[in-house]
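Each chain is listed here by its residues.
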Amino acid sequence: MCEVKGIVLDASVLLAADKNDDENGSVSLGPGADYVLCKLRYSKILTGISYGPDLSASKVHLLQEKARLYSYNCFVFQSTAIDNFVSEVSLAWGDHSGSYMHVVSSYMDEEISPLISSDWLFTVLHWISNLFSMKRFQNSQRLHLSQRRSPGKPSDVEYSPGTENPGKIFINKLEELPLTICSLNKKKQAMGKEVKIVGYLMKPSREEDFAKRGAFPLNPTPNGLTFVALNYELPISWQLKEVDGVLHKSTDDIIAVEMSSSSDFENKVTYTEGMEQLQRYIRCHPDCCVIDPFSNIYPVLDRLKIQQILGGLENLNTKSCSKIRGPHFLKVVDFREPKLEDKLADAKLSLPNIVKPQVACGVADAHSMAIVFKADSYKDLNVPLPAIVQEYVDHSSTMFKFYVVGKKIFFAIKKSTPNADILIKLAEEKELKPLLFDSLKSLPVDKDNQQKSQHEDNNRIDQELVTDAANWLRRVLDLTIFGFDVVIQEGTGDHVIVDVNYLPSFKEVPDEVAIPTFWEAIKEKLTGKKSTEAAILL
């Protein structure tokens, strides 16, 4: 059986209803149109837009502009010239073994009726209808669609091979289309290989970064995964019943984190209403596979907890000449406490220090940090409390970003902040006042120290030691995909892990390597395979 290879979205489902259907009438997209156009853009499914020859010029212009924006094809659809439409699609997209879907509004049933006697299959989606164009199988069998459900509920697609009558599926909103496609592809593949649907949740910018690299196709990947964005505008329970697992960046949905003397974040994080619904469903359905469990994410939210976990790296420093560790640190709840300077000394913290909020991500000021050069600067320091004062490590402006994706490890070399002496020179111009910055934005780098080659940097890093640390962190954190940053201290050669984060973009890793590894890590999680072999550095 064949999956959906191409989709044509008709003007009838894309354009908003307009009573003034003339050249001067308002022209805009209807509900869900932009959403679907965006989701199909990087779905690895051929996509086009169709419209009738009598459509107003202003509406045609809008549709053509959208087609240009998303690199989609445009086709003219006319019920009296079905063969021309089919030929035009085939000419544009070539001869595919899969099926083509034409999405039209339900009032066009009469116009599409000629397709019933052709090699097309069509389904009706509540107020939208779909047309499926299937390539003939070698044995000339036809695959038809049958569907039964109560009006107003999301569709439950079932296939009935061998019948001569076309069937219909119904959905309530255009936004249901991506999940419908995944469900169709899963059922079509059922006779050939196992296909699993992964629902994912993350902020739009992050989703686009992954999607445009080809990470979230609606068609099955080589290892049998399809990806669909979960939508808070649709019933979460229905969507989760359709998917086999949930990949999330829950920190994108954090509204607030309540801090106290405890480092247990589990009951102190306030999420968006949609994420709260998701978590309630998962609590009631413990068999739902979540990548990764929310409880596993909480340590990454808390810089204090991560620092404490990194203390366990001491046990790894037995085989190597180098040493791997976390930075020296101190939790501070009040920058004006009288014995702060003594506490800093007891924690092996000498100036300058880097000061970070204890909350590591998810809230607006989680990345508001400072580098402090004088002890008396603390009393007026503008960094959210409680905070973590962390050792500033001289590291020759070079950072090694490591990515653990399942059982494989990648790393990239990036320029970083200057050594302390360079920072002090910069700060002297401002009377050594604290250097405030947002860690999501770049800091000045040491331009005089950029001549080292990547080969020299590779020779500095003890890859075996860091691989051991990555495997250890993978076991301790029990995370499928995470990253951490390593700097090498000048003089001592200590490898210091200065940051740990969940579900990084690993954009420095070439797509042809990173994306298949990403898919494999997710598939292993979904199928419950517990790999006993150590992560491999690539």
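Residues numbered from 1 in each chain as written. Predicted model: local features only at pLDDT ≥ 70, side-chain atom pairs only at ≥ 80, totals over all residues. Heavy atoms only, no water.

**Some points on the pattern of salt bridges**
Then, in step 1: For the coordinates displayed, the defined rule picks out 16 salt bridges.
Then, in step 2: Residues Glu194 and Lys196 are paired through a salt bridge, measuring 3.3 Å at the closest nitrogen-oxygen approach.
Then, in step 3: Of the residues examined, Glu194 reaches a relative accessible area of 48% and is grouped as partly exposed.
Then, in step 4: Taking relative accessible area as the criterion, Lys196 reaches 14% and is therefore assigned buried.
Then, in step 5: Via salt bridges that share partners, Arg325, Glu391 and Asp494 belong to a single interconnected network. (Salt bridge = Lys/Arg side-chain N within 4 Å of Asp/Glu carboxyl O. Buried < 20%, exposed > 50% of the residue type's maximum accessible area, 1.4 Å probe, protein only.)

**Focus on the packing of aromatic side chains**
The description of two aromatic rings rests on the distance between their centres and on the angle between their planes.
Then, in step 1: Applying the stated criterion across every chain yields a total of 19 aromatic pairs.
Then, in step 2: A ring pair is formed by Phe75 and Trp93, whose centres lie 5.5 Å apart and whose planes are at 90 degrees; its orientation type is edge-to-face. With Phe75 in strand 3 (residues 73-76) and Trp93 in helix 4 (residues 82-93), this pair connects stretches of sequence that are 18 residues apart. By the burial criterion, Phe75 is buried, and Trp93 matches it. (Phe/Tyr/Trp six-rings, centres within 6.5 Å; stacked < 30°, edge-to-face > 60°. Helix = DSSP H or I, 4+ residues; strand = E, 2+ residues; numbered from the N terminus.)

**Digging into the packing of helix 11 (residues 303-310) against helix 15 (residues 463-477)**
Then, in step 1: With their axes 11 Å apart at the nearest point, helix 11 and helix 15 run at an angle of 125 degrees to one another. The pairing of helix 11 with helix 15 is recorded here as oblique in orientation. Where helix 11 crosses over helix 15, the two elements pack in a sense that is right-handed. In this structure, helix 11 contributes Ile306, Ile309 and Leu310 to the contact, and helix 15 contributes Trp472, Leu473, Val476 and Leu477. (Axes fitted to C-alpha atoms, helices over the stretch in contact; angles between N-to-C directions. Parallel < 35°, antiparallel > 145°, perpendicular 65-115°, else oblique. Left-handed = near helix turned anticlockwise from the far one by under 90°. Contact = heavy atoms within 4.5 Å.)

**What about the sheet that holds strand 11 (residues 245-248)?**
Then, in step 1: In space, the four strands of this open sheet follow the order 10-9-11-14, with parallel pairing throughout. Because the sheet does not close on itself, it has two edges, and the strands there are strand 10 (225-229) and strand 14 (289-291). The sheet shows a mean angle of 25 degrees between the axes of neighbouring strands, direction not considered.
Then, in step 2: Taken together, the four bridges between strand 9 (residues 196-201) and strand 11 define a ladder with parallel strand orientation. Note on strand 11: the bridge partner recorded for Leu201 is His248. (Pairing = 2+ DSSP bridges.)

**Some thoughts on helix 10 (residues 294-301)**
Then, in step 1: Among the eight residues in helix 10, seven count as buried, and that is most of the element.
Then, in step 2: Of all the residues in helix 10, the buried ones are Phe294, Asn296, Ile297, Tyr298, Pro299, Val300 and Leu301.

**A few points about unusual backbone geometry**
Then, in step 1: Cis geometry marks the peptide bond from Ile291 to Asp292; its omega dihedral reads 0 degrees.
Then, in step 2: For Asp292, the position within the fold is in the loop between strand 14 and helix 10.
Then, in step 3: Of note, the bond from Leu385 into Pro386 is cis; its omega dihedral lies within 30 degrees of zero at -5 degrees.
Then, in step 4: We note that Lys44 has phi near 65 degrees; this positive angle belongs to a residue other than glycine.
Then, in step 5: When you line up the elements, Lys44 lands in the loop between helix 2 (33-41) and strand 2 (46-51).
Then, in step 6: For Ser396, which is not a glycine, the phi torsion comes out positive at approximately 55 degrees.
Then, in step 7: The class of Ser396 is buried, set by a relative accessible area of 8%.

**Here's the deal with the sheet that holds strand 22 (residues 435-438)**
As a general point, the strands of a sheet are linked pairwise by backbone hydrogen bonds and lie either parallel or antiparallel.
Then, in step 1: Read across the open sheet, the five strands follow the order 16-19-17-18-22; overall the sheet is antiparallel. Two strands close off the open sheet at either side, each with one partner strand: strand 16 (329-332) and strand 22. For this sheet the average axis-to-axis angle between neighbouring strands, irrespective of direction, equals 25 degrees.
Then, in step 2: Bridging between strand 17 (residues 353-357) and strand 19 (residues 387-391) involves five bridges; their strand directions are antiparallel. The partner of Lys356 across the bridge, within strand 19, is Ile388.

**Details of a positive patch on the surface**
Then, in step 1: Residues Lys374, Lys379, Lys430 and Lys433 make up a contiguous surface patch of positive charge.
Then, in step 2: Following the sequence through the fold, Lys430 ends up in the loop between helix 13 (420-428) and strand 22. (Patch = residues over 30% accessible without salt bridge, like charges linked within 9 Å, V, L, I, M, F, W, Y side chains within 5 Å. Areas by Shrake-Rupley, 256 points an atom, 1.4 Å probe, with all protein chains shown as cover. Lys, Arg positive; Asp, Glu negative; His and termini not counted. Charge placed at Lys NZ, Arg CZ, Asp CG, Glu CD.)

**Considering helix 13**
Then, in step 1: Three or more residues of helix 13 are buried, namely Ala420, Leu423 and Ala427. What you see down the axis of helix 13 is that its buried residues fit within an arc of 60 degrees, all on one side. Exposed and facing more than 90 degrees away from the buried side of helix 13 are Lys425 and Glu428.
Then, in step 2: Where the residues of helix 13 are buried, they touch strand 18 (368-372) and strand 22. (Arc of directions from axis to C-beta.)

Any functional reading would require information beyond the geometric quantities listed.
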